[in-house]
Amino acid sequence: MAADVALRAESFSIGDVFSRAMATITGNPAVTLGLAFLCGGLPNFAFAWIAVQLRLSPFSGSGGAVAFFVIMIVAFFAIALLALVGEGALMQTAVSQKEGRPAGFGEAFAAGLRAALPLLLLTIIMSIAAGIGFMLLLVPGVILSLMWAVAAPALVIERTGVIEAFSRSSELTKGARWKILGFGLILMILLIILSVVAGMFGGVVGALTQ
């Protein structure tokens, strides 16, 4: 049930979220890394390889530019859809880990495929609603984002409908939204730090190869 793995007001803690994530990865390394490669790394590599092989760029003439942007659009939607498959599959892996049994790659991937289109619809609705909230006064957008923080796990794990997932998420996050906000800020800071470190590393490598 989503109540076991999603964020709950009476049990949510940042440390618990990190520990569960690490337990899922370390307990199922082949499945988690395989899903990350299949649904994340491989599609991006395939797009880059195709672009290089076809020598496409936005500056390669009118025909080439059109082909480049068409492939960009197709690749964007394909990569986004595969990312949603991976998201659903990893949620199923976390459920298996919570239940104390090994996660099967086929079981996880099938769950991801089953959830991909509902997750896409959920993401579109959330983006539009939260985007309107952010444009109005910022605060409504933040509130909606916190209320719907676990709508995706509710949709995948409890197999709710798309609309029901929003109310279920609101119920699960009630009383824990300040903690969720803090967790989100910590993740944002970590991502910024990692981006800066990666940028510095890339700059050093680039300078050394000159």
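This text goes with the structure placed above it.
Since the model is a prediction, treat every value here as computed from it, not as a measurement.

Student: Can you tell me about the overall build of the protein, naming the residues and giving the values?
Tutor: A count of helices and strands for the protein gives nine helices and zero strands. Going from the N terminus to the C terminus, the protein shows its helices and strands as α-α-α-α-α-α-α-α-α. When each of the 210 residues of the protein is scored for burial, the buried share is 29%. Within the protein, residue pairs in contact and separated by at least 24 positions form 67% of the contacts whose partners lie at least 6 positions apart. Of the accessible surface of the protein, which amounts to about 12,600 Å², a share of 77% is contributed by carbon and sulfur atoms.

Student: An account of the packing of helix 5 (residues 105-136) against helix 8 (residues 162-173) is needed here, citing residue identities and associated values.
Tutor: Relative to each other, helix 5 and helix 8 sit at 60 degrees, their axes nearing to 9 Å. In this view, helix 5 runs oblique relative to helix 8, as classed from their interaxial angle. In terms of crossing hand, the pair formed by helix 5 and helix 8 is right-handed. Contacts between helix 5 and helix 8 involve Pro118, Leu121, Leu122, Ile125 and Met126 from the former and Val162, Ile163, Ala165 and Phe166 from the latter. Residue composition of the contact of helix 5 with helix 8, grouped by class: nine nonpolar, no polar and no charged.

Student: Talk me through the pattern of salt bridges; I want residue IDs and the actual numbers.
Tutor: Tallying each qualifying case throughout the model produces two salt bridges. For Glu158, the salt bridge goes to Arg168, with nearest N and O atoms at 2.8 Å. Of this pair, Glu158 sits in the loop between helix 7 (151-157) and helix 8 while Arg168 sits in helix 8; the two residues are 10 residues apart in sequence, bridging distant segments of the chain. A salt bridge links Glu171 to Arg168; its shortest N-O distance comes to 3.0 Å.

Student: Outline the packing of aromatic side chains, supporting the account with residue identities and numerical values.
Tutor: A complete count under the given rule lists three aromatic pairs for this structure. Note on Phe105 and Phe109: the rings are 6.1 Å apart at their centroids and 10 degrees apart in plane angle, and the pair reads as stacked. Of this pair, Phe105 and Phe109 both sit in helix 5, separated by four residues, roughly a single helical turn.

Student: Give me the packing of helix 5 against helix 6 (residues 139-147): which residues, what numbers.
Tutor: Viewed as axis vectors pointing N to C, helix 5 and helix 6 meet at an angle of 150 degrees, and their least axial separation amounts to 5 Å. Here helix 5 lies roughly antiparallel to helix 6, going by the angle between them. Contact with helix 5, carried on its side by Ala129, Ala130, Gly133 and Phe134, involves Pro140, Gly141, Val142, Leu144 and Ser145 of helix 6 and no other residues of that element. Residue composition of the contact of helix 5 with helix 6, by class: six nonpolar, three polar and no charged.

What counts as what
- Residues numbered from 1 in each chain as written.
- Predicted model: local features only at pLDDT ≥ 70, side-chain atom pairs only at ≥ 80, totals over all residues.
- Heavy atoms only, no water.
- Helix = DSSP H or I, 4+ residues; strand = E, 2+ residues; numbered from the N terminus.
- Buried < 20%, exposed > 50% of the residue type's maximum accessible area, 1.4 Å probe, protein only.
- Contact = heavy atoms within 4.5 Å.
- Areas by Shrake-Rupley, 256 points an atom, 1.4 Å probe, with all protein chains shown as cover.
- Axes fitted to C-alpha atoms, helices over the stretch in contact; angles between N-to-C directions.
- Parallel < 35°, antiparallel > 145°, perpendicular 65-115°, else oblique.
- Left-handed = near helix turned anticlockwise from the far one by under 90°.
- Nonpolar A, V, L, I, M, F, W, Y, C, P; charged D, E, K, R; others polar.
- Salt bridge = Lys/Arg side-chain N within 4 Å of Asp/Glu carboxyl O.
- Phe/Tyr/Trp six-rings, centres within 6.5 Å; stacked < 30°, edge-to-face > 60°.

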